[in-house]
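Given next are the chains, with one letter for each unit.
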Amino acid sequence: MNNLTTSMKVLATSILGVALASCGGAETHSDFTKVDTSKPATNWALVWSDEFDAAAIDTRKWNFEVNCAGGGNNEKQCYTDKKENAFIKEGVLNIVALPATDAALPYTSARLTTKNKGDFKYGRFEMRAKLPSGQGAWPAFWMMPTDSVYGGWPKSGEIDIMEAVNLKTVTNGGAAEANVHGTLHYGREAPRNVSSGKGYAMPAGKNPADDFHTYAIEWQQGEIRWYVDDYLYATQRQSDVRYNAKGEAVGLKHRGWFAEYFNAASGQKEIHWDSAPFDQKFFMILNFAVGGNWPENVNNTGIDAAAFAKGQSYQVDYVRVYECSANPETGKGCETIRAGYDSPTDGLVEGKAPIPTPPSSGVAKNLTIFNGTPNPSWPAWDCCGGSTPGLVADATKGQVYQFNVGAAPTVNGFISRLAFIKDPDGEPSPFDASPIVANGTISFDMKVVSAPNNSSSVWRFKVESAEGETAVEVDLATGGQAPVTGQWQTFTFPLKTLAAAGLDLSAIDVIMVFPTWGTGEGAVYQMANVKIAQDNLTYPELVLFTDGKNPDWPMWDCCAGSTPVEATDDSAHGAVAEFSIGASPTVMGFITRAANGGGSKPFDASSLLDGGLVQFDMKVVSAPSSPDASWKLKIESNGGATAVEVDLTTSVEGKAPTTGEWQTYTFKVSDLANAGLDISTIDVVMIFPAWGTGNGAVYRIDNAKIYKPGTAQPDLTVTLFADAIATNWGIWDCCGGSTPTVEDDDDTHGKTAQFIIGGAPTVMGFLAADNVYQDVTALMPDGVLRFEMKVVTPPSDSASVWKFKIESFNASAAVELDLAASNEGKAPVPGEWQTYTYPLKSLSDKGLDVSAIDVIMVFPAWGTGNGAVYRIDNVKFAAK
C-alpha cells in the first residue's frame, strides 16, 4: 500500500462523458481522464495526519470509545479497544466487526475519535479507505463538535464525510448496493431534528468495497463540499436570507442549514440562518457499526450473519487534515470546484431551514380550509398512521372528510406544507391570522363515528405555525364540549387565546384533531366547515353596473357591432344597461379586457369562495323572436382560459325571465368554481339568449355585482400615474438629459407620461423623491403592478428589446425583465395602447423588496433606444 499517494488533485474544468448514477436516480457526467493526478491543489497546507505506518494505533491522536450503547441508532455492536477489533497491518488501519462471544450485543467493533487530540474549525478532511461489505455493514468517517456550543445533538451539528450501508448487497432488482453518502445533521432538538445530504455512486460500476478510494470534504465558513476521488458531488451552504428595507426577513434566496439556540442577552429561543452550527471546532470519528435503524431497513433488510462470520474489515490507508493557508480564519480561498457545484440542479443540496415568516400585511382575511370542496393548498392529512383521509357523504353536511386511526399512533387534520401537497394546483399557503386576532377564531364541525377502543382516550386539538416553530395543544373540550359519539358538534377556539398560549398567528400551517397519541386505535371521525375566520369581515366587491357604468368594465357586444347604451327605467332602478340583439348572432355583457375597451382589471373572487355571489337584476323589454331561445349566464377568466356557461334557470331563484318584469338572478361563486371557473381572474360576465336565437331581444341589467353579502373591502390600490404623477414621485430620464412631459392622448387615456430617447443611452420611468419608498406589502401575495403603454415611434434600432425594471430601497434590490415577460406576454406594437401586468409575488421571489419600491423603469435595452417615443398611463399597484 502506497501511503504517500497524493490525493490533492486539480479538478478538470471540462465536465464530460462518464455517467455517474447518484442516489435517487440523478446523473452527473465527468471525464476522469481530464483530472490531473500529479499536482496538489494550491494553498492547502497539511496540518495533521495519520498515515498508519506505525506498529500500533497512535493513542496521542486517537481515543477508543468503549460501550454497548448502540450508537443511538439501535446498532448491534459493542465498541471495544481490543486489538482484534482495531489494529494496524502493513500501513493500513483495520477496523474489524466480529461475531461477539462474550458481549452484550451480537457483534464487536471499534470506534476511534480525535476529540481533544485533533480538533479543527474549517479545512480539508480526507481519508483513503476500502469499505466493508454485506447486509448490515455501516462504515463511517464523520465529525462531531468538540464543545457543542449550541446545545446537544443535533443542535451543534454533525458532519458525515462518508457513510455507506450494505455495500455489494444484491437486491431483488439485481443491482448491487454501491452508494456512499455525505450528510449534515442540524436544527432543533430531536425528534424535530433534520438532515440534508446526497448520495453518490462511482463511475463505471466501481464499488467502494472493491478497492481503496479517497473520501473528503472541504469545509469553509458557510459552505461544505463533498468529494469522492476528488470529484465534487455535493455542496451544502448556510441559508441566505432575503430582507426588506425594514430589516424584516421575508424569505430565503437559498434554503440551507440553520441553528436554533437561546439568545444570551434576551433569553429567547431564536432561529439563526448563518454559519452556525458549522462554525466551531469539530473532531473526527472512524467507526464500523453493524446493523441499526438505517442498514436494517433498506436493501435486503436485517443483518446477514454470514457476511460477518469471519469478520468484516474497514481498511483505512490514511487520514489527513489540510488548512487553507489563504485564509485560515474562514477556510476560504482554496476551493476545489467544478462547473455546476453550486447549481441546485447539479451539486447544490437544498437544506431544511425553516422559511422566515414574512411580516404581516395587516390585511384582514378569512380562510376556508374545507367546506365540502377540498382546498388543494390545505390537504387532509394523516401524519403517521399510513391512512388516506377520504371524502364521504353526510345527510346534513354534504361532503365531509373522514379520518381513521389504526394501530399505529398518529394525528390527523389539515396541513399546508410542501411535502404533503400533492395536488398540482396547491402550494404551501401558511395563513396570516394576526390581523383578525381580536375577534377571529379557528372553528370546525366534527362528528365521532366510532370512539377509540381505549375508553380513557382524550380528544385533542393542536395548531402549529411556521413549520412547527410554535404550536399550541389543548383538550378538544376547551372548544365547546367533549365529543359525543354520533353527533355533529361545533368547536371554536379564539385566536387571541391561542396567541396568548404562544402560537405565532402569522403563519398557521397545520390544524390537527385526534385522540391522545397512542390511544386512538379504532377511532373514526368526520370533519366539515373548517375555517379560520372573523365574523363581519370585509371582502372585495366588483360592481359591473349600478345606476351607471363601471369604466373599467364597459358594456359590450361581442360580435354584432352594436353599442349597448345606458337607459332610464322605473324609479326603483333609474339608470340601467340596455342591450339589443339583431340578426347577427352575438353574446353581450361586461368586459374588462383592454382589447375590448376595458380597463384590464380582472376580478379576484378567491376570497369570496365561501359565501360569495354573482347577482344581477334583469328585465326583458322585448323577447327574442325565436321560441327556442333560452337565457344564459357565461363567465370567463384569464382571457378565456376557463369559462362556465349555465342557464339562468339554474340560479338560486330558479326562474326563467318573464317579459316586462324585473327579476333577480343569483349564482354562488363556489358553484361556478366547482364547475371549473378560475375565480381568481374573472374578466368577462355575459348575459344573453343562446347563440343564434336572440334576434329581436331587448333587455336591461341593473345592480350587477360580484360580492359577499354584508361586506366590502377597502381599496388598497396605489396609483403612481393617472393623468398626473403621484405626490413625491417624478417622471424621470436617468441619463439622457431630457425632461419627460405630460401629453394628451385619446379620450380613454387623457393625459399621459411621454418619454423621448435621443442619441445618449438612457433608461426612463418613474422615480420617488429622496427617502420616499412605496410599501405594497399589504397587496401581497396576490397583488400586481400594472400599467398601460403606447409606442408612438419605435427605436431606430430594429433589434432593440423593450425592458421593464423595478428597484427598491436605493437600488439595494432590483428585478429587470423583458417587457414581454408580463402576464400578457406581448411585445409592444407601435401605435397601440397595451397593458402590462407583473405579479408582486413573482417580483418578490426574484429578490425585490416590496416594502420600499422607489423606481419603475420602462425602456428599450441600453444603448438601443435612439429615436424611441413612448407614452405610459395608469401605473398602479393593485389587487390581482
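Residues numbered from 1 in each chain as written. Predicted model: local features only at pLDDT ≥ 70, side-chain atom pairs only at ≥ 80, totals over all residues. Heavy atoms only, no water.

**Q** Describe the overall build of the protein, listing the residues and the values that go with them.
**A** What the protein contains, in helices and strands, is four helices and 57 strands. Reported as C-alpha extents along the three principal axes, the dimensions of the protein are approximately 110 × 80 × 55 Å. In the protein, which comprises 880 residues, the proportion classed as buried is 52%. For the protein, the share of sequence-separated contacts (at least 6 apart) that also reach a separation of at least 24 residues comes to 75%. Carbon and sulfur atoms make up 49% of the accessible area of the protein, which totals about 36,600 Å². Of note, the protein has its 66 positive side-chain charges centred 5 Å away from the centre of its 101 negative side-chain charges. (Helix = DSSP H or I, 4+ residues; strand = E, 2+ residues; numbered from the N terminus. Buried < 20%, exposed > 50% of the residue type's maximum accessible area, 1.4 Å probe, protein only. Contact = heavy atoms within 4.5 Å. Areas by Shrake-Rupley, 256 points an atom, 1.4 Å probe, with all protein chains shown as cover. Lys, Arg positive; Asp, Glu negative; His and termini not counted. Charge placed at Lys NZ, Arg CZ, Asp CG, Glu CD.)

**Q** I'd like a rundown of unusual backbone geometry, residues and numbers included.
**A** Cis geometry is adopted by the peptide bond preceding P191, which originates at A190 and carries an omega value of 10°. Within the element layout of this structure, P191 appears in the loop between β14 (179-187) and β15 (193-201). The peptide bond linking A276 to P277 adopts the cis configuration, its omega dihedral lying at 5°. Structurally, P277 can be placed in the loop between β22 (269-272) and β23 (282-290). With phi around 70°, D230 is a residue other than glycine that occupies positive phi space. Mapped onto the secondary structure, D230 falls in the loop between β17 (223-228) and β18 (231-237). Despite not being glycine, N703 has its phi angle at roughly 50°, a positive value.

**Q** Give a description of the packing of aromatic side chains that names residues and reports values.
**A** Applying the stated criterion across every chain, the model contains 43 aromatic pairs. Consider the rings of W48 and W62, whose centres lie 5.8 Å apart with planes at 75°: the pair is edge-to-face. Taken as a pair, W48 in strand β3 (residues 44-50) and W62 in the loop between β3 and β4 (63-64) lie far apart in primary sequence, 14 residues in all. Residue W48 shares its accessibility class with W62, and that shared class is buried. For the ring pair W257 and F278, a centre distance of 5.0 Å and an interplane angle of 75° mean the geometry is edge-to-face. One end of the pair, W257, is in the loop between β20 (249-254) and β21 (259-262); the other, F278, is in the loop between β22 and β23, and 21 residues separate them in sequence. Each member of the pair, W257 together with F278, is buried. The rings of W48, F52, W62, F120, Y122, F125, Y186, W219, W257, F258, F278 and F282 are connected pair by pair, giving a single aromatic cluster. (Phe/Tyr/Trp six-rings, centres within 6.5 Å; stacked < 30°, edge-to-face > 60°.)

**Q** A description of the sheet that holds strand β43 (residues 642-647) should follow, citing residues and the corresponding values.
**A** Strand order in the open sheet made by the five strands is β37-β40-β45-β42-β43, with antiparallel pairing throughout. If you trace the sheet from one side to the other, it starts and ends with β37 (555-557) and β43, each paired once. This sheet shows a mean twist of 20° between the axes of neighbouring strands, independent of strand direction. Direction of pairing for strand β42 (residues 631-637) relative to strand β45 (residues 682-689): antiparallel, over a ladder of seven bridges. (Pairing = 2+ DSSP bridges. Axes fitted to C-alpha atoms, helices over the stretch in contact; angles between N-to-C directions.)

**Q** Outline the layout of surface pockets, supporting the account with residue identities and numerical values.
**A** In this structure, the second largest pocket occupies an estimated 1,200 Å³ of space. Around the second largest pocket, the lining comprises 38 residues; the ones closest to its centre are T592, R593, A594, S600 and T835. Going through the elements one at a time, β52 (784-793), β55 (833-839) and β57 (869-878) are the ones with two or more residues in the lining of the second largest pocket. Of all the elements, β55 adds the most residues to the lining of the second largest pocket, at five residues. The class makeup of the residues in the lining of the second largest pocket is 10 nonpolar, 15 polar and 13 charged. (1 Å grid on protein atoms, 1.4 Å probe; cavity = no way out; pocket = protein on both sides within 12 Å on 5 of 7 lines; lining within 4 Å. Points joined across faces, edges and corners; volume = space filled by probe spheres on them. Nonpolar A, V, L, I, M, F, W, Y, C, P; charged D, E, K, R; others polar.)

**Q** Hey, could you go over the pairing of strand β44 (residues 662-668) for me, with residue numbers and the actual values?
**A** For β44, the tally of buried residues reaches five of seven residues, placing the bulk of the element in the interior. In this sheet, β44 lies alongside strand β41 (residues 613-622) in antiparallel orientation, the contact comprising seven bridges. Note on β44: the bridge partner recorded for F616 is Y665.

**Q** Break down the environment of V669 for me, citing the residues and quoting the values.
**A** Looking at the element boundaries, V669 is found in helix α3 (residues 669-674). Assessed through its relative accessible area of 2%, V669 is described here as buried. For the pair formed by V669 and E832, sequence separation is 163 residues and the distance between their alpha carbons is 35 Å. The contact partners of V669, leaving out residues within four places of it in the chain, are A605, L608, L609, G612, L613, V614, I679 and I706.

**Q** Requested: an account of the pattern of salt bridges, with residues and values cited.
**A** Within this structure, the stated rule accounts for 40 salt bridges. One salt bridge connects R417 with E464, and the closest N-O pair in it is separated by 2.8 Å. Of this pair, R417 sits in the loop between β29 (412-415) and β30 (441-450) while E464 sits in strand β31 (residues 459-465), placing them 47 residues apart in sequence. For the residue pair R417 and E464, the accessibility class agrees, reading buried in each case. In this structure, K601 and D552 form a salt bridge, with 3.1 Å as the shortest nitrogen-oxygen distance. Of the two residues, K601 sits in the loop between β40 (588-591) and β41 while D552 sits in the loop between β36 (542-545) and β37, which places them 49 residues apart along the sequence. (Salt bridge = Lys/Arg side-chain N within 4 Å of Asp/Glu carboxyl O.)

**Q** How would you summarise the state of the cysteines if you had to cite specific residues and measurements?
**A** Tallied over the entire structure, the rule returns five disulfides. One disulfide bridge connects C324 with C334, the sulfur atoms lying 2.1 Å from each other. Here C324 and C334 share a disulfide; its torsion about the S-S bond, 85°, makes the bridge right-handed. A residue pair is termed long-range when its members are at least 10 positions apart, and C324 in strand β24 (residues 312-324) and C334 in the loop between β24 and β25 (367-370) qualify at 10 residues. A single burial state applies to C324 and to C334, both of which are buried. A sulfur-sulfur distance of 1.9 Å marks the disulfide that ties C734 to C735. Judged by its relative accessible area of 32%, C734 is partly exposed. (Disulfide = S-S within 2.5 Å.)

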